[in-house]
Structures are given as C-alpha cells and as structure tokens.
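As a plain string of letters, each chain reads:
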Amino acid sequence: MFSFSNMISDIYKEYNTFSKSEIEDLLFIDDIDKDSPISQNNRLRINKLIIKGEKNTGEIIEFSKDFYSGVNVIFAENGKGKSSLFKIIKFGLTGDKESIKKDVLKWLNEVSLEFNIGETTYTTYIDLSGKRTQGVLYRKSINEILAAGENIERISIIFETKTDKDFKEFMQEFIYNQFSYYSLKWTSGNKDTIDLIENQTSWKTYYKSIYLESKDYNVLFLNSDFGSQGKKILEMLLGLRLTYAINYLTQKKDHLANSQNKQDYLMKQNNDQINVEELIEELESIEEDISKLQEDKKKTFRKSLDIEKYNSLSNDLKTVNDELQKAINEKEELEKQLNQTNRRLIRLEEEREFGAFFSNLEIKMCPRCEHTIQSNKKEVEKSDHKCMLCEHELEDASPEQKEIIDIKINELKKEAETLATAIELLIGRIDDKQQISEQYLIEIQKIESNIETVDFLNDDIDTLSNLIQQKVEIEYQIKMNSFANKDDSQNLDEKIKVLEHAIKYLNSHRLELSKEILKSLEELILSQINKFGLTNVTDVVISKNLDIQFLQNGELNKFSELTEGEQLRAKIAFYLGLMLLDINYGMGRHPRLLIIDSPGKEEVISKDLISLASIFKEIEESYSDKLQIIIGTALEELVDASASQKVLKRGNEEFVF
C-alpha cells in the first residue's frame with residue numbers, strides 16, 4: 001500500500017534543506033486517493049437512434065434504428081452515410097457536432113439517442129431546427145418520453161441546455177460522474193506569452209477509446225500526441241492509482257520550472273542593466289505604430305468591401321440601364337403601331353361615311369405628266385371627296401360594305417386600346433427603371449467618394465508582425481523586472497528537484513500497485529492479437545511509461561512500427577483487452593462500447609476478411625450480453641460478423657438514412 005506520510009519522510013531524508021512541514025506543503029495533494037482501478041460496472045450501451053430532418057433534395061429523413069448488446073453491423077456502400085451515422089451518435093453522447101459534415105448537419109432537425117449506463121436508461125434529445133442547439137438529457141427511454149409528451153415529470157430531466165457549449169459541458173460532467181473520469185492536465189508554451197498555457201483532456205478526448213475512425217487506424221489513440229494525450233487516455237481508462245497525484249505534481253513542477261526560467265532571464269537582463277523607463281517609452285511608441293497600422297488595415301478592409309460593392313452596383317446599374325433602353329425601344333415601336341392603327345381607323349371611318357375609291361393608293365405624282373400632285377388638289381379630295389386627278393365623286397358604300405367596314409373599325413379600335421394600354425405599362429416600367437438607375441448612381445457616386453487611397457500592403461503585414469513581436473519582448477522584459485522585485489528568496493531549483501523526486505517516487509509506486517493489472521492487460525491483448533491472426537507476436541509489453549510494445553520475432557516494436565494490416569488488428573485487440581479486463585477481472589473504466597468504422601479495408605485477401613468476421617462472430621457468441629460493438633462496413637464478408645437480426649444491410653446505391 002502507498003503511504004503519503006512515508007513518502008514525505010523518505011523525501012525529507014533526501015532534502016533536509018527544507019523542513020518536513022515545508023516538504024508537506026510543497027507536495028500537498030488535495031485528493032491523493034482520487035483514482036481506483038476497480039470497475040464500477042457502468043457499461044455504456046446504445047439502444048436506439050432516431051434522426052429527423054430533410055435533405056437538400058427535399059427528401060424527408062425519418063430514420064429509426066434499434067441497437068443490441070453484442071456485435072451490430074451496418075452494411076452499406078462507401079459514401080452512403082455510415083460514418084455520418086457514427087458521428088451523429090458521437091454528437092448525442094458528447095455534444096460535439098464538429099466532426100459531422102456541414103451538408104449533413106444542415107439536414108438534421110432532431111436527434112434522439114437512447115442509451116444505458118449500467119441498468120439506467122437515458123435519452124439525449126437534440127433540437128437543431130432553430131439557430132441554437134437545444135439539448136435535453138432525460139432519465140427515460142425514447143418510448144417513455146413520447147408517451148408522456150409534455151406531461152413528462154421534471155424530475156426525469158437531468159439537464160436542459162440552449163447552446164452548443166452548454167450541451168457539451170453538461171454531457172462531459174454527466175459522463176465524468178458516471179465513469180469517475182476527470183481531466184488530466186499538461187502545460188505548453190506559446191511564443192506570444194511568457195506564461196505557460198494549461199491544457200486538459202476532455203470527454204471528447206476519452207471518446208477516442210470508443211470511436212475507432214478509419215483515419216486513425218495508424219495510431220493507437222490520436223493522430224497528434226500533443227501533451228501525451230494517448231498516455232493520459234490509457235491512465236484514465238485503467239484508473240491507475242496515484243495518476244491524479246502524479247499529474248498534479250507535474251503541473252506544479254512545470255510552473256515552478258517556468259518561474260525559474262523567468263528568474264534566469266531576469267538575472268541575465270539585470271546584468272545588462274535594464275532601464276525600465278526607456279522600455280516603457282519604447283513600448284508606448286511601438287503600441288502607437290501598431291495602432292496606426294491596425295487602423296490602416298481596417299480601412300483597407302473596408303475599402304475592399306466598398307470596391308466589391310461598387311463593382312456589384314455597377315453591374316446592377318448596367319443591367320437596369322439595359323432594361324430601361326429595351327423598354328424605351330419597345331414603347332417607341334408600340335407608338336408607331338398605334339399611329340398606324342389610328343390612321344387606318346380614320347381612313348376606314350371616312351370610307352364608311354363618304355365611300356371609297358377603287359384604289360387606296362396614296363398618289364404623289366401624276367401618272368400621265370409625272371408632275372407632283374399639288375397640295376390644294378389633295379385638300380380638295382379631302383374636303384369635297386372628289387378624285388384629285390379626275391375629280392370624279394366618290395361612290396357611296398353599299399350596306400354590305402358598311403357592315404364589313406364596321407367590323408374592321410371595331411377590330412382596329414380594340415387593337416388601338418391594347419396598344420395604348422401596353423404603352424402605359426411601358427411608361428410605368430420606364431419610370432421605375434429610371435428611379436432605380438438614379439438610386440444606383442447616387443450610391444456609386446457615394447462609394448467613389450469614400451474610396452480613399454489608404455492601402456495595407458504586404459510589407460505592412462511584416463512590419464505589424466515585427467512590431468507585435470517587439471511589443472511582446474519588451475512587455476516580457478518589463479514583467480521580468482517586476483517579477484525581480486518580488487520576494488523570490490525561495491529556492492526554486494531545490495523545490496523542482498523535490499517535485500521531480502516525488503513524481504519519480506509516485507510513478508514507481510504506481511507501477512508496483514498496478515503490476516497485476518498491467519500484466520493481466522498484457523496477457524489479454526496478447527490473447528486477442530493472436531486470435532486476430534498475428535501469431536508472430538509472442539508478447540505484449542507495457543513499459544513503465546505506459547507505452548504498448550509488441551514482441552515480434554524477438555524484437556520489440558511500437559504500435560507505429562507495425563504494418564498497416566497489423567495495426568488495425570492490434571488496435572482492436574488492445575481495446576478488446578481493455579473491455580475484457582473489466583469483464584473478467586472487474587478492473588478498469590472502459591465503457592465496453594466500441595464503434596469501428598470501416599474495419600478490414602486493409603485486408604486484401606478474402607479469407608482474412610472471413611477470418612475477421614468469424615472473430616467478431618465469436619465475440620458476439622461469447623460476450624453478447626457483456627459488451628457492445630457497432631461495425632460500419634462496405635465489405636460483404638463482414639455482414640456475417642453477427643446474428644442476422646443485428647445486421648442492417650442496405651442495397652446498392654441505398655443510403656443508411
């Protein structure tokens with residue numbers, strides 16, 4: 001057993017420059033017994049998923065899928081929604097929707113995910129129909145919620161949220177409480193600040209041990225091991241004792257080391273005799289230059305927007321002017337037609353009233369002498385209704401001819417009315433277009449006057465970047481000088497050594513306390529990896545740094561050193577080992593849920609795929625009521641990986657939802 005007081009005593013013997021109470025204060029840990037590898041038997045099992053929405057094609061989405069304990073298979077061609085389905089499940093369990101494709105996310109109106117933790121049933125309901133994501137977590141099944149409707153008891157609601165951020169945070173807190181998870185921290189530097197940045201794992205980080213995405217099959221946990229997150233996931237899943245204490249003291253040591261670096265820098269700067277007043281004066285000058293450049297940057301940005309708007313308005317103006325000219329042309333054409341119609345109308349009315357000549361030709365020259373017909377002759381014809389050449393009087397039209405003429409007159413009147421109406425409409429349209437055109441012109445002239453000559457050039461970008469860097473450096477120097485004036489009599493170097501010693505001490509005891517757990521996990525992984533056909537792996541070794549290594553042909557290989565086909569099998573074997581550690585020995589905190597997206601695509605031989613399917617079938621037969629695995633695949637061979645009622649099979653070109 002580990003004893004904190006023994007640790008204090010042992011370290012005090014090594015570092016007696018501190019009093020024992022000073023050692024105790026330095027190594028104080030608020031919850032040294034926070035970790036326990038003993039399983040709480042809080043298995044996570046997905047029961048049902050309902051998705052409602054509408055695709056961009058107008059197709060309504062009404063998807064409902066029951067999931068079962070044991071191995072579930074979703075078979076569909078690639079690109080038909082398997083990965084999207086898994087990411088929606090992830091959304092329901094973590095509140096994280098970032099990984100869902102944007103086009104698919106737009107389709108979703110409602111998501112309901114029912115799941116069990118232990119014997120208790122929960123449902124997350126997510127409403128995406130509004131601008132904000134609204135989430136609710138019920139302690140009820142979907143059917144119970146639907147049956148209760150608006151009369152559901154408030155006590156059944158664990159939380160309600162109205163934002164993405166709140167939903168994600170509340171889900172993390174809920175899962176953390178259920179599985180005794182917590183966030184492990186680490187520090188990192190940043191070129192823009194002299195202080196350390198604190199980072200921490202989240203429920204989304206630990207979810208990597210549930211959802212095995214095909215893009216991550218080349219790594220055991222994460223693509224990027226920033227902050228040794230892979231190791232932290234394993235520490236949390238195993239619940240290794242003293243993990244919180246080691247993490248807590250490591251953060252403390254990092255911050256003291258950072259303080260020591262500040263002091264070292266200060267001592268160097270003091271040797272160079274910093275003049276703080278000069279630094280402050282220089283800082284103010286730099287800040288003024290930065291402010292001016294940033295203002296120019298804003299003006300240039302606004303100018304680019306104005307130019308964009310100017311171009312848009314110019315195009316609009318051209319379009320309106322084109323339409324305006326077209327309307328004017330149409331109006332002029334109709335006016336010509338109206339004039340012609342009116343002339344024809346007058347002639348027919350005269351014909352009806354006074355009779356008609358044999359020909360309606362308008363005579364301009366005498367066909368005999370070829371002289372121009374004088375205007376007085378024409379006036380005589382109009383006033384006296386006699387031929388301008390022979391002065392023969394017009395003959396009265398017969399009743400039949402008058403009837404025909406009346407019909408033509410009525411037709412021409414109607415035509416004239418139609419043309420007049422059309423011309424009025426065009427006049428209205430022309431007025432509207434002219435007003436719009438004038439408005440565009442006013443806006444364009446206004447923008448032209450706003451477009452100034454200020455330009456933020458590429459060289460200014462470099463200048464601004466350099467000035468900001470100079471500002472940070474000067475602020476750092478000023479802060480260091482301020483820091484130097486504080487009481488820094490503590491011996492940071494000695495404190496850091498004490499912390500390093502304590503961390504090493506705790507690590508050593510954690511390994512001793514966890515020896516049997518790690519050994520059992522090694523055996524379970526080896527057993528599974530051999531079942532998966534990697535018989536050349538003769539041992540699995542978990543190092544004192546919790547690195548997983550595989551003994552192949554007498555050589556220890558890291559996970560990254562396995563071949564592509566070996567990595568998938570080793571990864572699944574590793575997670576099965578974690579789940580079996582709980583099932584067989586009641587140790588660990590893995591939720592016993594595994595979602596595997598597109599396994600087996602690295603297998604090029606059909607018999608290997610059949611073998612992979614038989615292994616999942618064996619898992620289904622042996623552990624059906626103890627774990628849950630959901631496989632998404634486009635490989636026909638894996639359809640036989642479970643009982644038929646647990647397989648959702650889509651046909652050619654058919655979408656999952």
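Summary of the structure given here. (Residues numbered from 1 in each chain as written. Predicted model: local features only at pLDDT ≥ 70, side-chain atom pairs only at ≥ 80, totals over all residues. Heavy atoms only, no water.)

1. Here we look at the overall build of the protein
Helix and strand content of the protein: 17 helices and 16 strands. In terms of overall size, the protein is more extended than a compact globule, its C-alpha atoms giving a radius of gyration of 43 Å where 657 residues would be expected to give roughly 26 Å. Across its three principal axes, the protein shows a C-alpha extent of roughly 145 × 80 × 55 Å. By the burial criterion, 44% of the 657 residues in the protein qualify as buried. The contacts in the protein between residues at least 6 apart in sequence include a share of 72% that link residues at least 24 apart. With the model as given, the accessible surface of the protein reaches about 36400 Å², and the carbon-plus-sulfur share is 46%. (Helix = DSSP H or I, 4+ residues; strand = E, 2+ residues; numbered from the N terminus. Rg over C-alpha atoms; globule rule 2.2 N^0.38 Å. Buried < 20%, exposed > 50% of the residue type's maximum accessible area, 1.4 Å probe, protein only. Contact = heavy atoms within 4.5 Å. Areas by Shrake-Rupley, 256 points an atom, 1.4 Å probe, with all protein chains shown as cover.)

2. Notes on empty space enclosed by the protein
Per the stated rule, a full pass over the model turns up one cavity of 30 Å³ or more. Around the largest cavity, the lining residues are Lys90, Lys204, Tyr207, Lys208, Tyr211 and Glu213. Tallied by class, the residues present in the lining of the largest cavity amount to two nonpolar, no polar and four charged. (1 Å grid on protein atoms, 1.4 Å probe; cavity = no way out; pocket = protein on both sides within 12 Å on 5 of 7 lines; lining within 4 Å. Points joined across faces, edges and corners; volume = space filled by probe spheres on them. Nonpolar A, V, L, I, M, F, W, Y, C, P; charged D, E, K, R; others polar.)

3. Things to note about the sheet that holds strand S3 (residues 70-75)
A sheet is described by the order of its strands in space; here five strands give the open sequence S10-S14-S15-S3-S16, paired in parallel fashion. With one partner strand each, in any of the chains shown, strand S10 (211-212) and strand S16 (647-649) form the two edges of the open sheet. Note that S10 and strand S14 (residues 593-597) share two bridges and pair parallel. Within the sheet, the bridge partner assigned to tyrosine 211 lies in S14 and is isoleucine 595. Seen against the sheet, helix H3 (residues 82-94) touches S3, S10, S14 and strand S15 (628-633) and runs at an angle of roughly 150 degrees to S14. Packing against the sheet, helix H16 (residues 564-585) makes contact with S10, S14 and S15, and its axis sits at approximately 170 degrees to S14. (Pairing = 2+ DSSP bridges. Axes fitted to C-alpha atoms, helices over the stretch in contact; angles between N-to-C directions.)

4. Remarks on the sheet that holds strand S13 (residues 555-558)
With antiparallel pairing, the three strands of this open sheet are ordered in space as S11-S12-S13. Of all the strands in the sheet, just strand S11 (537-542) and S13 have a single pairing partner and so form its edges. For this sheet, the mean inter-axis angle between neighbouring strands, taken without regard to orientation, is 30 degrees. Note that strand S12 (residues 548-552) and S13 share four bridges and pair antiparallel. Bridged to leucine 551 within S13 is leucine 556.

5. Quick notes on the pattern of salt bridges
Here the structure, examined in full by the defined rule, presents 32 salt bridges. Of the charged contacts, one joins glutamate 98 and lysine 168 as a salt bridge, the two residues approaching to 3.7 Å between their closest N and O atoms. Here the residue glutamate 98 occupies a position in the loop between H3 and helix H4 (102-107), and lysine 168 occupies one in helix H6 (residues 164-179), the gap between them amounting to 70 residues. Note on glutamate 98: relative accessible area 59%, which makes it exposed. The exposure class assigned to lysine 168 is partly exposed, which follows from its relative accessible area of 31%. When the shortest N-O distance is used, the salt bridge between lysine 165 and glutamate 169 registers 3.0 Å. Within this pair, lysine 165 and its partner glutamate 169 are both found in helix H6, separated by four residues, close to a single helical turn. (Salt bridge = Lys/Arg side-chain N within 4 Å of Asp/Glu carboxyl O.)

6. Considering the side chain of threonine 201
Position of threonine 201 among the secondary structure elements: in the loop between strand S9 (193-200) and helix H7 (203-206). According to the relative accessible area criterion, threonine 201 is buried, its value standing at 0%. A distance of 2.6 Å separates polar atoms of two side chains, one belonging to threonine 201 and the other to tyrosine 206. Leaving out residues up to four positions away in the same chain, threonine 201 has contacts with Tyr176, Tyr182, Ser183, Leu184, Trp186, Tyr206 and Lys232. (Polar contact = N/O pair within 3.5 Å; in protein donor to acceptor, adjacent residues only side chain to side chain.)

7. Remarks on the packing of aromatic side chains
Applying the stated criterion across every chain, the model contains 18 aromatic pairs. Residues tyrosine 181 and tyrosine 206 carry aromatic rings whose centres are separated by 5.3 Å and whose planes lie at 55 degrees to one another, so their mutual orientation is tilted. With tyrosine 181 in the loop between H6 and strand S8 (185-190) and tyrosine 206 in helix H7, the pair connects residues that are 25 residues apart, well separated along the chain. When sorted by exposure, tyrosine 181 lands in the same class as tyrosine 206, which is buried. Measuring from centroid to centroid gives 5.0 Å for phenylalanine 574 and tyrosine 575, while their planes differ by 75 degrees, and the two rings are edge-to-face. One exposure class covers both phenylalanine 574 and tyrosine 575, and it is buried. Positioned over the ring face of phenylalanine 655 is lysine 80, at 4.4 Å from the centre of the ring. (Phe/Tyr/Trp six-rings, centres within 6.5 Å; stacked < 30°, edge-to-face > 60°. Lys NZ or Arg CZ within 6 Å of the ring centre and 35° of its normal.)

8. Describing the pairing of strand S5 (residues 120-127)
Examined bridge by bridge, strand S4 (residues 108-117) and S5 share eight bridges and lie antiparallel to one another. Along S5, the bridge assignment pairs glutamate 110 with aspartate 127. Counting the residues between successive antiparallel strands, the hairpin from S4 to S5 contains two residues, one of them, glycine 118, with a positive phi of roughly 65 degrees. Across five bridges, S5 lies against strand S6 (residues 134-138) in antiparallel orientation. For threonine 123, the partnering residue across the bridge sits in S6 and is tyrosine 138. Hairpin geometry of S5 and S6 is characterised by an intervening segment of six residues between the two adjacent antiparallel strands.

9. Here we look at the environment of valine 104
Residue position: valine 104 is located in helix H4. For valine 104, a relative accessible area of 5% corresponds to the buried category. As a C-alpha pair, valine 104 and leucine 635 span 531 residues in sequence and 24 Å in three-dimensional space. Look past the residues within four positions of valine 104 in its chain and what remains in contact with it is Ser84 and Phe657.

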